[in-house]
Amino acid sequence: MGLDPKTLIFSEDFSGPLSAAKWKPNVGPGSFLGNTQQRTTLPVVVDGHAVLQLDTYNPTGLSYFGSEMISVPTFDVNTQGPLIFQATLTYEQAQKGIIGGFFTLGQGAPGTNGHDEIDIELMSKFDSQFQTNIYHQAQYDNGNPISYSPDGYSQQVEHVYKFEWLPNGVVKWYVDDVAYRTVIATTPTPSSGLPGGPGTPDQPQNLHFNIWVGYPDWPVSDPSLPLPTSNPAQNATFKLDVSAVSVWTGSSLNGTAAANALAGTAGGEYIDGGAGADAIAGGGGDDVIEGGSGVDTALYSGLAHNYEMSVTAGVAVVVADRLGVEGQDILTNVEAIRFADQTLDTTSLIRASNLDASSFMPIIDLYNAALDRAPDALGLAYWASRLADGMSLTDIAESFYSSAEGQALRPVAPSNAALVSNAYAEILDRAADAEGQAYWMGQLESGHLTQATFLLAFVQGVTGAEDVATLVSKQTTGIYYAITNGLTDAENARTVFVSDPLASKTMTDAFAAAAASADTGELVVKLVGMNLELFPSTT
């Protein structure tokens, strides 16, 4: 899974002692990690493994005595293209409180005091999980860790660990060829101590393996680990085995400054269109497609209902083929996606994903007020992008009101009285009270509001606990249908728009299950990363 390897540029089979031409120990500044002094010698090789050793006795002082091996060559995604780092690791013992690392590390951009780093770490306190981490021009703090616990996983069993580092800022982590995490260039990865900090590494890095111990108050430390000792007779030794290390360039295809028609293979590739208006077909496998400058189009051979899309980080679209023919691709700087039966503008999806959650609420309210349904995912993204472009809510409301769908839901030239009465009935699920009817009639009769702008003013003016609760319930229905589940069928969006939120959720769940099926699928488009946990609990 992931990119196909192309050219082996660095490897170690540990058939003999480590060569100083390929590896160096961690010496000088940075050789003291947590509560551990790293050795000035390289690890020994035993039975095809480099054995990284941690001792509780340190002849140089009262701390743990660890081990680290660092590649002599550096690796640079900017000059070498997509890179794949892979190694097999296992602990020889069950002791808690140890940190084992497989990572790349490099200094940040010139003029900064930060660093770049891509990590896989084995925190032995948590034997059933592994940790991924990433830094970009950041200081040495906690970084941006995420841990995973695969079924049946143990750090004391050999596993193949891998991460990919790509020129367009995509980083992906795998264990035993199963993908667990993806970070894209502008995914926020803030670290304390430096301004900014979002992004993924873009500076040359060395490959590292190490074993060490943090301070006792760290969450990954454990009191069962023997403390450092000044008595060599009381030394306790712990080991991390490393084998089958390799660094590959990934399979890639590069366009030119002209308009290119690029076609990938059945494998996973990094495809860079370069300048020009490119048409790019990834083909099979899990591809990463960078459009480059120009208006670029990603091509897919299947019908749209066989795909699921997610928009993440405000810059990338992930397209997954449910039938498995064209894999799961990551698209950056690609302006359109062409399926066999329809073409989508990805720029509107990207602009919509950049909005904060609160910006979607008035648009969801307009679907409620003018169309009497939940939003569909594509429609919501389109109108959110228009809002991001500077279109006013008033103009959006007038567009909703005058749309063919909106006009079909109400009589031709309805009276003001009928419009107000229908608003109470359809938006708040109740009859109009006399005071409210008179107020809104006055707004319309005076010309302060037009019929086209009335519905927006009405939903924005809702007060009273019961009316607000009704409106919020419909908002959460819209969020759950269009954003959480990314459903695009407008008629189903009308079906789920009922007064009982739990009934609505049940129907939405059924539609989502059908949408995910290869037999009854529909195009799913999710905006990922917004904090929209507003739907009522069903437990």
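Residues numbered from 1 in each chain as written. Predicted model: local features only at pLDDT ≥ 70, side-chain atom pairs only at ≥ 80, totals over all residues. Heavy atoms only, no water.

When its secondary structure is counted, the protein chain shows twelve helices and 29 strands. Taken along the three principal axes of its C-alpha coordinates, the protein chain extends 95 × 55 × 45 Å. Expressed as a percentage of its 539 residues, the buried residues of the protein chain come to 54%. Across the protein chain, the fraction of contacts at a sequence separation of at least 24, relative to all contacts at a separation of at least 6, is 65%. Surface accessibility of the protein chain: about 21,900 Å² in total, with carbon and sulfur atoms responsible for 55%. Within the protein chain, one finds 21 positive and 59 negative side-chain charges whose respective centroids are separated by 1 Å. (Helix = DSSP H or I, 4+ residues; strand = E, 2+ residues; numbered from the N terminus. Buried < 20%, exposed > 50% of the residue type's maximum accessible area, 1.4 Å probe, protein only. Contact = heavy atoms within 4.5 Å. Areas by Shrake-Rupley, 256 points an atom, 1.4 Å probe, with all protein chains shown as cover. Lys, Arg positive; Asp, Glu negative; His and termini not counted. Charge placed at Lys NZ, Arg CZ, Asp CG, Glu CD.)

Moving on, we get to the sheet that holds strand 18 (residues 252-254). With mixed pairing, seven strands are arranged side by side in an open sheet as 18-20-22-26-25-24-29. In this open sheet, the two strands that pair with only one neighbour each are strand 18 and strand 29 (524-527). Taken pair by pair, the neighbouring strands of this sheet meet at an average axis angle of 15 degrees, ignoring direction. Across four bridges, strand 24 (residues 307-312) lies against strand 29 in parallel orientation. Its bridge partner being in strand 29, M309 is matched across the sheet by V525. (Pairing = 2+ DSSP bridges. Axes fitted to C-alpha atoms, helices over the stretch in contact; angles between N-to-C directions.)

If you trace the five strands from one edge of the open sheet to the other, you get 19-21-23-27-28, paired in mixed fashion. Of all strands in the sheet, those with a lone pairing partner are strand 19 (261-263) and strand 28 (343-345), marking the two edges. Along the sheet, successive strands turn relative to each other by an average axial angle of 20 degrees, direction set aside. Pairing of strand 23 (residues 297-299) with strand 27 (residues 336-338), which is carried by three bridges, proceeds in the parallel orientation. Residue L299 lies in a different strand from strand 27, and its bridge partner there is R338. Lying on the sheet, helix 2 (residues 346-353) is in contact with strand 27 and strand 28; it crosses strand 28 at an angle near 35 degrees.

By size, the foremost hydrophobic cluster in this structure holds 65 residues, and its most contacted members are M309, F339 and F454. In terms of domain composition, this core takes at least three residues from each of domain 2 (253-345) and domain 3 (355-528). In terms of nonpolar packing, the next biggest core, distinct from the first, is built from 43 residues, A87, I134, Y148 and I211 among them. (Core = buried A, V, L, I, M, F, W, Y, C linked by side-chain atoms within 4.5 Å. Domains from an automatic or database assignment.)

Attention now goes to the side chain of D321. Examined against the element boundaries, D321 turns out to sit in strand 25 (residues 316-321). One buried charged side chain, D321, makes no salt bridge at all; its nearest oppositely charged neighbour is R322, positioned 7.4 Å away. Engagement of the side chain of D321 in a polar contact is seen with the backbone nitrogen of E326, the distance being 2.9 Å. The contact partners of D321, leaving out residues within four places of it in the chain, are N306, Y307, E326 and G327. (Salt bridge = Lys/Arg side-chain N within 4 Å of Asp/Glu carboxyl O. Polar contact = N/O pair within 3.5 Å; in protein donor to acceptor, adjacent residues only side chain to side chain.)

What follows is about the domain arrangement of the protein chain. For the protein chain, the assigned domains are domain 1 (7-187 + 200-249), domain 2 (253-345) and domain 3 (355-528). With centres defined by C-alpha atoms, the gap from domain 1 to domain 2 works out at 34 Å. Taken together, the ten residues of domain 1 in the interface contact nine residues of domain 2. Across the interface of domain 1 and domain 2, roughly 780 Å² is buried in total on both sides, 73% from carbon and sulfur atoms. The interface formed by domain 1 and domain 2 includes zero salt bridges. On inspection of domain 1 and its partner domain 2, the count reaches one residue pair in polar contact (both at pLDDT 80 or more). Considering only residue class, the side of domain 1 that touches domain 2 consists of five nonpolar, four polar and one charged. (Buried area = accessible area lost by both parts, 1.4 Å probe. Nonpolar A, V, L, I, M, F, W, Y, C, P; charged D, E, K, R; others polar.)

What follows covers the packing of aromatic side chains. Where two aromatic rings form a pair, the distance of their centres and the angle of their planes describe that pair. Going through the model one piece at a time under the given rule, you end up with 25 aromatic pairs. For the ring pair Y300 and Y307, a centre distance of 5.5 Å and an interplane angle of 65 degrees mean the geometry is edge-to-face. Of the two residues examined, Y300 and Y307, each falls in the buried class. Taken together, the ring pairs connect F10, W23, F75, F85, F102, F163 and F209 into an aromatic cluster. One Lys or Arg, K162, reaches over the ring of Y174 and ends 4.5 Å from the middle of that ring. Above the ring of W173, the side-chain terminus of R181 is found at 5.0 Å from the ring centroid. (Phe/Tyr/Trp six-rings, centres within 6.5 Å; stacked < 30°, edge-to-face > 60°. Lys NZ or Arg CZ within 6 Å of the ring centre and 35° of its normal.)

All right, on to the pairing of strand 14 (residues 171-175) then. The element strand 14 is extensively covered by neighbouring structure, given that five of its five residues are classed as buried. Burial along strand 14 is two-sided: the residues V171, W173 and V175 and K172 and Y174 are all buried. Pairing analysis gives five bridges linking strand 13 (residues 159-165) to strand 14, with the strands arranged antiparallel. Bridge pairing in strand 14 places E164 opposite K172. With antiparallel pairing between neighbouring strands as the criterion, strand 13 and strand 14 make up a hairpin whose turn holds five residues, including G169 at a positive phi of roughly 90 degrees. Sheet topology places strand 14 next to strand 15 (residues 178-183); five bridges connect them, and they run antiparallel. Bridge assignment links W173 to a residue of strand 15, and that residue is R181. Remark: two residues form the turn of the hairpin made by strand 14 and strand 15, two consecutive strands paired antiparallel; D176 in that turn has positive phi of roughly 50 degrees.

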